[in-house]
Amino acid sequence: MKTSSRQDIDNFIKARTVAIAGVSRNVQSFSAQVVTHLSKQGYELLLVNPAFENSPDSHHFKQVSDLPDNINSLLVLTPPAQTLEVIKQAIKKGIKNIWIQQYSETSEALLLAQSASINLVFGHCIFMFTQPEGFHKFHYNIKRIFRSLPS
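(A) Region of the structure containing the nonpolar core. Judged by nonpolar contacts, the single largest core of 23 residues is most densely connected at V64, L67, L74, I98, I100 and L120. Breaking this core down by element, the ones donating at least two residues are β1 (17-21), β2 (44-48), β4 (73-76), α3 (80-93), β5 (97-100), α4 (107-115) and β6 (119-122). Residues I9, V18, L77 and M128 belong to the second largest nonpolar core, which totals 22 residues.

Right under this line is the structure:
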């Protein structure tokens, strides 16, 4: 399986509008922290959770298939059991830029995305490459020192 390169990561993070599948309504959750961080970085975010109501004037959607047609970037923060279905919907929707967050990936989802010629990032944390702060900045610098960042 092809690993994610720095170019794959750069292609993803240069998008300024990103849909995020697996957003929790719990403000203490990892996904809520991601939303807050990316919002601070100036990203326009569309949030996907089956508990949300679809609304044409909202940035909340029940599923990936409900997203507007012009969305090309998707960050996947779902539990692994849900990731394959999210990737299937993304491919059907025509989304070509997908980041599957660490611990959300499954081999089936990764193989499907790679077979669909997706710009795919996996095995990495989104915080590490979007102006990391605090612990994430420390972690990034450790990886940089030990040369374990993607090239």
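(B) Expanded view of the sheet that holds β1. The strand order across the open sheet built from six strands is β3-β2-β1-β4-β5-β6, with neighbouring strands paired in parallel fashion. Sheet topology places β3 (60-61) and β6 at the edges, where each strand pairs with a single neighbour. Two strands pair when backbone bridges link them, and β1 and β4 are joined in this way by three bridges, in the parallel orientation. For A19, the partnering residue across the bridge sits in β4 and is L74.

(C) Spatial organisation of the packing of α3 against α4. Where α3 contacts α4, the axes come no closer than 8 Å and their chain directions differ by 15 degrees. Accordingly, the angle class assigned to the pair α3 and α4 is roughly parallel. Seen along the crossing, α3 lies across α4 with a hand that is left-handed. Contact residues: α3 offers T83, L84, I87, K88 and I91, while α4 offers E108, A109, L112 and A113.

(D) Here's a closer look at the side chain of N119. Residue position: N119 is located in strand β6. Within the structure, N119 has its side chain in polar contact with the backbone oxygen of D8 (distance 3.1 Å). Not counting residues up to four positions away in its chain, the partners in contact with N119 are D8, N11, F12, K96, N97 and I98.

(E) Quick peek at the pairing of β6. Of the two faces of β6, the one holding N119 and V121 and the one holding L120 and F122 are both buried throughout. Relative to β6, β5 runs parallel, the two sharing four bridges. If you follow W99 over to β6, its bridge partner there is V121. The β-α-β motif built from β5, the intervening α4 and the parallel element β6 has right-handed crossover chirality.

(F) Quick look at the packing of aromatic side chains. Evaluated as defined, the whole model comprises three aromatic pairs. Judged by centre distance (5.5 Å) and plane angle (70 degrees), the ring pair of F12 and W99 falls under edge-to-face. In this pair, F12 is assigned in helix α1 (residues 6-13) and W99 in strand β5, connecting sequence segments 87 residues apart. When its relative accessible area of 0% is taken as the criterion, W99 is described as buried. Centroid distance F30 to F127: 5.5 Å. Interplanar angle 75 degrees. Geometry classified as edge-to-face. A residue pair is termed long-range when its members are at least 10 positions apart, and F30 in helix α2 (residues 30-40) and F127 in the loop between β6 and α5 (134-145) qualify at 97 residues. Seen from the ring of Y43, R16 lies directly overhead, with NZ or CZ sitting 4.0 Å from the centre.

Thresholds, definitions, all that
Chains are numbered independently. Their residues run from 1 in the order of the written sequence. Only residues with pLDDT of at least 70 are given local features in this predicted model, and only at 80 or more are side-chain atom pairs given and counted; all residues enter the totals for whole chains, interfaces and linings. The side-chain quantities take in all heavy atoms of the structure and omit both hydrogens and water. Put simply, buried Ala, Val, Leu, Ile, Met, Phe, Trp, Tyr and Cys residues joined by side-chain atoms within 4.5 Å make one nonpolar core. Each residue is placed in one exposure class: buried if its accessible area under a 1.4 Å probe, protein chains only, is under 20% of its type's maximum, exposed if it is over 50%, and partly exposed if it falls in between. Where helices and strands are cited, they refer to DSSP runs of H or I of at least four residues and of E of at least two residues respectively, numbered from the N terminus. If DSSP finds at least two bridges between two strands, the strands pair. The axes are straight lines fitted to the C-alpha atoms, using for helices just the contacting stretch, and the angles between their N-to-C directions are given from 0 to 180°. Working rule for angles: under 35 degrees goes down as roughly parallel, over 145 as roughly antiparallel, 65 to 115 as roughly perpendicular, anything else as oblique. Crossing handedness is defined as follows: a turn of the near helix away from the far one that is anticlockwise and smaller than a right angle gives a left-handed crossing, while the clockwise case is right-handed. Between two residues, a contact is recorded if the distance between any of their heavy atoms is within 4.5 Å. Polar contact criterion, stated in full: a pair of N or O atoms within 3.5 Å, where within protein one must be able to donate a hydrogen and the other to accept it, and residues adjacent in sequence count only if both atoms are side-chain atoms. We call a crossover right-handed when, viewed with the strands running away from us, the connection from the first strand over the helix to the second turns clockwise. Ring geometry is summarised as follows: Phe, Tyr and Trp rings, the Trp one being its six-membered ring, pair when their centres sit within 6.5 Å, and such pairs are stacked at plane angles under 30 degrees, edge-to-face over 60 and tilted between the two. Placement of a positive charge over a ring is assigned whenever Lys NZ or Arg CZ falls within 6 Å of the ring centre and within 35 degrees of the normal to the ring plane.

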